[in-house]
Amino acid sequence: MRGKKKFLFSFKAIGLTFYFLIVVFPIYWVVITSFKPSAEILDRSVITYFPHTFTTENYSTLFRMMDYGVYIKNSTIVALLTALVVTILSILSGYALSRYKFKGKGLILLFFLVIQVIPGILVLIPLYSFFAEAGLINTKFSLLVYYICGNLPFCSITMRSFFQRIPDSLEEAAMVDGCGKIQTIIKIVLPIMLPGIASVFVFGFLGGWNELIGATIFVSTAENWTIPVALKVLIGKNNIEWGVLMAGGVIALLPTGILFAVMQKFDVEGITAGAVKE
């Protein structure tokens, strides 16, 4: 029995170590590289796992080379609006798909599922033609429309699954106590749905924050670039500013890291347990 426990412990330790190497180590490498001088980064004879010469020059160079603050603002605006709109629409569609029966409901769910396997790049050319006709090229609105359309189907299905975890009797009990339909949803259902809402919000934010291909195609003027497009510009044909690129990557990681740190407190398991005695 002890041998079995030792084996399981060793297996878990090896698994966690492997996970660290695959997931955490690349992030660590990006961070330490951003604080290395160019000579140390390009020195192939010695690989340093911690900067021998600690410097913040890469960060100052980043902001001297380009208007990185503007790109942070653009990404923040697009990502937050995408997350907000996707979350609101997902709540409405998820509740309707979970609670109501109507013709075409199965087809809508099938459409949302099928659209997940269609590469987003296939719709870029038609969307570009549409945006060009509407005069929306080189605008943040074009990115917002693209990101909302790309994230809404998955988020709607996700929100529907969260609504299905909430028993109908909870809403019925609230309505018996005098709450109307809208009051029940706002005061009873949505507070319980906070973990689902947080998950959808994070997913929508990441969809707008990390996307590159659409932002490259729909936006060509520098004042409307987002962070991924700005970082791509640092990769030249004959030269790559590795230190500056890593510094930009670290700054790009900070908002998502903060967002995950704030949202991690929401726990789905057991949030409705015991709410209503069946």
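Described below are features of the structure shown in this document. All residue numbers here refer to positions counted from 1 along the written sequence of the relevant chain. Local features are withheld for residues below a pLDDT of 70 in this predicted model, meaning they are given only at 70 or higher, and side-chain atom pairs are given and counted only at 80 or more; totals for whole chains, interfaces and linings count all residues. Note that the side-chain values use all heavy atoms of the structure and ignore hydrogens as well as water.

1. Quick look at the layout of surface pockets
Point 1. Empty space within the largest pocket amounts to approximately 380 Å³.
Point 2. Numbering of helices and strands starts at the N terminus; helices are DSSP runs of H or I of at least 4 residues and strands are runs of E of at least 2. At 6 residues, the largest contribution of residues to the lining of the largest pocket is made by helix α7 (residues 140-164).
Point 3. In the scheme used here, Gly and all other residues not listed as nonpolar or charged are polar, with Ala, Val, Leu, Ile, Met, Phe, Trp, Tyr, Cys and Pro taken as nonpolar and Asp, Glu, Lys and Arg as charged. Of the residues that constitute the lining of the largest pocket, the class distribution is 9 nonpolar, 4 polar and 1 charged. Residues are said to line a cavity or pocket when one of their atoms sits within 4 Å of a point; the points come from a 1 Å grid over protein atoms alone, cavities being sets where a 1.4 Å probe fits but cannot get out and pockets being open sets with protein on both sides within 12 Å along at least five of seven lines. Grid points are joined across faces, edges and corners, and a volume is the space filled by probe spheres set on the points.

2. Here's the deal with helix α6 (residues 124-134)
Point 1. When α6 is considered as a whole, its buried residues turn out to be Leu124, Leu127 and Phe131. Along the long axis of α6, the arc covered by the buried residues comes to 65°, so they all point the same way. Opposite the packed face of α6, turned more than 90 degrees from it, sit the exposed residues Ile125, Pro126, Phe130 and Glu133.
Point 2. We call two residues in contact when some of their heavy atoms are within 4.5 Å. Residues of α6 that are buried in the fold lie against α7 and α11 (213-218).
Point 3. Looking one or two places after α6, you find Gly135, whose phi comes out positive at around 70°. Relative accessibility under 20% of the residue-type maximum defines a buried residue, over 50% an exposed one, and the middle range a partly exposed one, all with a 1.4 Å probe and only protein chains included. Within this analysis, the arc is defined by the directions that extend from the helix axis to the C-beta atoms.

3. Some points on a nonpolar patch on the surface
Point 1. A contiguous nonpolar patch, built from Leu107, Leu110, Val114, Val117, Ile118, Ile121, Leu122, Val123, Tyr128, Leu212, Ile213 and Ile217 and spanning about 1100 Å² of accessible area, is present on the exposed surface.
Point 2. When residues of the nonpolar patch are traced back to their parent elements, those giving at least two are α5 (105-114) and α11.
Point 3. The greatest single-element share of the nonpolar patch, amounting to 3 residues, is contributed by α5.
Point 4. You can see Ile121 is positioned in the loop between α5 and α6. Patches here: salt-bridge-free residues with over 30% relative accessible area, like charges joined within 9 Å, nonpolar side chains (Val, Leu, Ile, Met, Phe, Trp, Tyr) joined within 5 Å. Note that accessible areas follow from Shrake-Rupley with a 1.4 Å probe, and for residues the cover is restricted to the protein chains shown. Should a side-chain nitrogen of Lys or Arg be within 4 Å of a carboxyl oxygen of Asp or Glu, the pair is scored as a salt bridge.

4. Things to note about the pattern of salt bridges
Point 1. Tallied over the full model, the rule gives 1 salt bridge.
Point 2. Close ionic contact of Glu57 with Arg64 constitutes a salt bridge, the shortest N to O distance being 2.9 Å.
Point 3. With a relative accessible area of 58%, Arg64 lands in the exposed category.

5. Brief notes about the packing of aromatic side chains
Point 1. Ring pairs shown here join Phe, Tyr and Trp side chains whose ring centres sit within 6.5 Å, with only the six-membered ring taken for Trp; geometry is labelled stacked below 30 degrees between planes, edge-to-face above 60, and tilted in between. Per the counting criterion, the structure on display carries 18 aromatic pairs.
Point 2. Ring geometry for Phe25 against Tyr28: centres 6.1 Å apart, planes inclined by 40°, an arrangement best described as tilted. Of this pair, Phe25 and Tyr28 are both found in helix α1 (residues 2-34), 3 residues apart, which corresponds to roughly one turn of the helix.
Point 3. Looking at Tyr28, the relative accessible area reads 33%, which means it is partly exposed.

6. A short note on unusual backbone geometry
Point 1. In this model, Asn138 sits at a positive phi of 65°, which is unusual for a non-glycine residue.
Point 2. Here Asn138 is to be found in the loop between α6 and α7.
Point 3. Asn138 gets classed as partly exposed once you look at its relative accessible area, which sits at 22%.

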